[in-house]
Amino acid sequence: MARWCYRHRLVVLFLWVGALFGLGAAGSAAGTDYANVFSLPDTDSKTAYDLMTKAFPQSAGDTDTVVWKVDEGSVRDESVRSRIEPALKEIAAMKGVGEVTDPYASGGAGQISRDGRIAYAQVTFAEQANAVPKELIEDVVDTAQAAERDGLQVELGGQAIARTQEPPQGTAELVGIVAAAIVLFLAFGSLFAMLLPLVVAIAALGTGLMATSLLSHVTDVPEVAPLLGSLIGLGVGIDYALFIVTRHRRGILRGMKPEDAAVTALNTSGRAVLFAGGTVCIALAGMLVMNMRFLDGVVIATSLTVVLSVLAATTLLPALLGFLGMRVLSRKQRRRLAANGPESAEASGLAARWSSYVQKRPRSIAAAAFVVMAVLALPVLSIRLGATDQGNHQESQTTRQAYDLLAEGFGPGFNGPLQVVVEKGDAQALATTIKSTEGVAQVAAAPPTNGISVIQVVPTTSPQSEKTDQLIDRLRDDVIPASGAEAHVGGVTAVFKDFAAVTGDRLPYFVATIIGLGFLLLLVAFRSLVVPLTAALMNLIAAAASFGVLVAIFQWGWGTELIGIGKEGPITAFLPVIMLSLLFGLSMDYQVFLVSRMHEEWVHTRDNARAVRVGLAETSRVINCAALIMICVFSAFVLSGDMEGAMAGIGLAAAVALDAFILRTALVPAAMHLLGKSNWWLPEGLEKRLPHLAVEPKEDDEPAPAGAEGDGPASAVHGFVRNADGEAVEGAAVTLLSRGGRQLDRVVSLADGSYIVSVPAPGTYLLAATAAAYGSRAGHVVVGDGPLVYDVELAEGEVDAVN
């Protein structure tokens, strides 16, 4: 398929462009229909919600609040009324506004605080928040705040009002792409190579988001799903393309033609990308174990973007590589290749030195890495799940100030009232009992409708307070059963409390599921019990440490205002499930890319120390580069204007940083050095029963000529290195490489120009020779059952890149 896409690049490009514009046009025409369905079956809050729907089938549109406060006097003063009342009347007359409840009208006294300094009006729109035109919301905000004067503060709160504070759509994605572009340019040194992963990721993300918006019309997709889809799709899309482009460039630098290098890159790193993408989708599908409707839409959006990212990396990318040819290398690399010939396959530089350092001091490095992760994981012991609201917005935002004014004038519980829905029994008697209950500030019972009575209960504490949770438990466990009434506690605060409780109860089963699936995948892929056990332990350590960082920032408030994400509060209830899924998938990606190279070396040499050293040296740079891109992309979602998006972004950025820079670069290789050959142990009986799944096939998997099947005994290639005059060339470097560019042997010619390199088995190989003051030569050699005699002639200034 890779070769077909490479050769038919125009067809592939037109198909992708057509899909992108076609889905874009369809998505724009159809619009979106996102729905936040947080309620859970078999919970008290869900029962209350169902009864409310039965009693009030014609629910109104979104209700937002206008709050005003005077520094002196009372909101009843004529000087205040003369400014506020005209503004409220003007808002009520706007097209799209259904009703405005005026505290100055009859029956509105309850909308004025006891001290008379704070009042509020409720603006009910004709549509729900997402459907209200943004221009209308902006007109409401401008009209209300135009009534301000010295000593009179006017603020607005509510879901529709919050839309006016959102940054321009795509800001987070754009910042993430720019940051990723900088990292890619520094890594590749080539503008064209930098653009490849970005184009692939944008194509996958664009089609994924448009398809998600269309799917929102046929199934429940929450508002946060596209944001999370963007977050994971952009990250893995760039990373997957990065792995393949890196392998492709390495093949060209080692003497392969661009087309052969592209095919080899897709047959090796491309297969690893397919495996990695599959593990991410499996991890995301693990969320279905939670049996929460809200998460189903998240699974759809995120899995769709991952699938399209893999598809783009394996089809669109080879087509783009075909357009670029040798230009995928920088000019400097092309000149060096022409002057010096193919590069050595041996890893060098900082990665090789660090790998050797880890081999020499595995105990101290493992201990240091473990201590760092353990310290970062400590805050997770105090994690509290709940929900964020407008009280967590930044202090400068009008929604946060409206929230604070309502709490000041009417009590902290006013922003999150409970709704006790009475199905049977004396609602008035129950209301009287609730009023005397500890933790209750106000109680108001509405007249029965369709046999259902609703009692609104305002707690003395804020919606995010633990004491509010305790009040809900007290009403459910003691007050309502003692009254003899059949009633249920609902409302947004109760819904999120139930959501957090169900999440906490089911989370262990979810973790066990994704860890178990990961264990089985790695067991089959690497034919080892110890490697998947190590990976499972590392995943748990990474999760604990990343959640520790999340708790410290968002729950303890360490730097929340500094980085512009508002006030501290509980961790959003659904976030652990989503983060664990994404973290598991990304950790598996890095584990696969790291250990697959180690496993390949182990199969060839049976030397564990060499396998770990070479695997780390050759993959750590690309893994760290990929992680740095992920960190840039995820961190940029702090700018999304969404608290859940900011939590997910910072949490995943911390998880990726810890996973790549501490676990995969230090703790995993150090542990594998300490475990030795035990890393690759598998009981013989299990070996026979396991199916064979190759993450990366053998690089020399192309058909060999007759008589060179590649499975015979080891042999050799020997001969002489001479110049154009027939004189011996001493000190020439002669390298034997596989067809995919992996170095198999490297020697230096003797004084008489002779050399001999060992060959693992019959087959087709690449032999490269280079020497100072001479050009380089590289050519394919076919080795049969016996040694092959092959002389190399070097000439000054001549280059014969793979003939």
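Position numbers for residues start from 1 in each chain and track the written sequence from start to end. In keeping with the predicted nature of the model, local features appear solely for residues at pLDDT of at least 70, side-chain atom pairs appear and are counted solely at 80 or more, and the whole-chain, interface and lining totals rest on all residues. Water and hydrogen atoms were dropped before computing side-chain values, which therefore reflect all heavy atoms in the structure.

*Asks:* I keep staring at the overall build of the chain and nothing clicks. Help me out?
*Replies:* The way it works is that DSSP assigns letters per residue, a run of H or I at least four long becomes a helix, a run of E at least two long becomes a strand, and they are numbered from the N terminus. Per the secondary structure count, the chain includes 23 helices and 19 strands. With the C-alpha coordinates aligned to their principal axes, the bounding extent of the chain is approximately 110 × 50 × 45 Å. In the chain, buried positions account for 56% of the 803 residues. In the chain, the proportion of contacts linking residues at least 24 apart, taken out of those at least 6 apart, comes to 77%. Note on areas: Shrake-Rupley, 1.4 Å probe, and residue coverage restricted to the protein chains presented here. Summed over all atoms, the accessible surface of the chain reaches about 33,300 Å², with 57% contributed by carbon and sulfur. Distance between charge centroids for the chain: 7 Å, based on 59 positive and 78 negative side chains. Exposure categories follow from relative accessible area, calculated using a 1.4 Å probe and restricted to protein chains: below 20% of the type maximum is buried, above 50% is exposed, and the middle band is partly exposed. Here a residue-residue contact requires only that any non-hydrogen atoms of the pair lie within 4.5 Å. All tallies of charge rest on Lys and Arg as positive and Asp and Glu as negative; His and the ends of each chain are not included. Taken as the charge location is NZ of Lys, CZ of Arg, CG of Asp or CD of Glu.

*Asks:* I keep staring at the sheet that holds strand β2 (residues 97–101) and nothing clicks. Help me out?
*Replies:* Consider a sheet: its strands pair through backbone hydrogen bonds, and that pairing is either parallel or antiparallel. Strand order in the open sheet formed by 4 strands is β2-β3-β1-β4, with antiparallel pairing between adjacent strands. The sheet is open, and its two edges are formed by β2 and β4 (152–157), each paired on a single side. Going across the sheet, the axis of each strand differs from the next one's by a mean of 20 degrees, ignoring polarity. Two strands pair under a simple rule: DSSP has to find at least two bridges between them. Looking at chain direction, strand β1 (residues 63–70) and strand β3 (residues 118–125) are connected through 7 bridges and run antiparallel. Of the residues in β3, the one forming a bridge with Val67 is Tyr120. Sitting on the sheet, helix α4 (residues 78–92) touches β1, β2, β3 and β4, and the angle it makes with β2 is about 155 degrees. Here helix α5 (residues 134–145) sits on the sheet in contact with β1, β2, β3 and β4, set at roughly 160 degrees to β4. Axes here mean lines fitted to C-alpha atoms, for a helix over just the part in contact, with angles spanning 0 to 180 degrees between N-to-C directions.

*Asks:* Quick question: what am I supposed to make of helix α14 (residues 362–377) here?
*Replies:* In an α-helix, one full turn covers 3.6 residues, which means residues spaced three or four apart are oriented alike. Each helix should span, by expectation, one fewer than its residue count multiplied by 1.5 Å. Between its first and last C-alpha atoms α14 spans 22 Å; for 16 residues at 1.5 Å apiece the expected length is 22 Å, and the two agree. Those residues of α14 not exposed but buried are Pro362, Ile365, Ala366, Ala369, Met373 and Ala377. Down the axis of α14, the sector holding all buried residues measures 100 degrees, keeping them to one side. Exposed residues lying more than 90 degrees from the buried face of α14 are Arg363 and Val375. In this fold, the buried residues of α14 make contact with α13 (350–360), α19 (530–555) and α22 (643–675). The directions from the helix axis to the C-beta atoms are what the arc is built from.

*Asks:* Please clarify how unusual backbone geometry should be interpreted in this entry.
*Replies:* If a residue is not glycine, its phi is most likely negative; likewise, a peptide bond is most likely trans. One non-glycine residue, Arg527, lies in positive phi territory at about 50 degrees. Structurally, Arg527 is set in the loop between α18 (492–526) and α19.

*Asks:* Quick question: what am I supposed to make of the pairing of β1 here?
*Replies:* Consecutive side chains along a regular strand alternate between the two faces of the sheet. Most of β1 sits out of view: 7 of its 8 residues are buried. Of the pairings in the sheet, the one linking β1 to β4 comprises 6 bridges and is antiparallel in character. Along β4, the bridge assignment pairs Val66 with Leu156.

*Asks:* Quick question: what am I supposed to make of the pattern of salt bridges here?
*Replies:* Salt bridge, as applied in this entry: a Lys or Arg side-chain nitrogen positioned within 4 Å of an Asp or Glu carboxyl oxygen. As enumerated under the stated definition, the model contains 13 salt bridges in all. Ionic pairing is found between Asp50 and Lys46, a salt bridge with its closest N-O pair at 2.9 Å. Here Lys46 and Asp50 lie together in helix α3 (residues 44–55), a separation of 4 residues that amounts to about one turn. Salt bridges sharing partners connect three or more residues here, namely Arg3, Arg7, Glu259 and Asp260.

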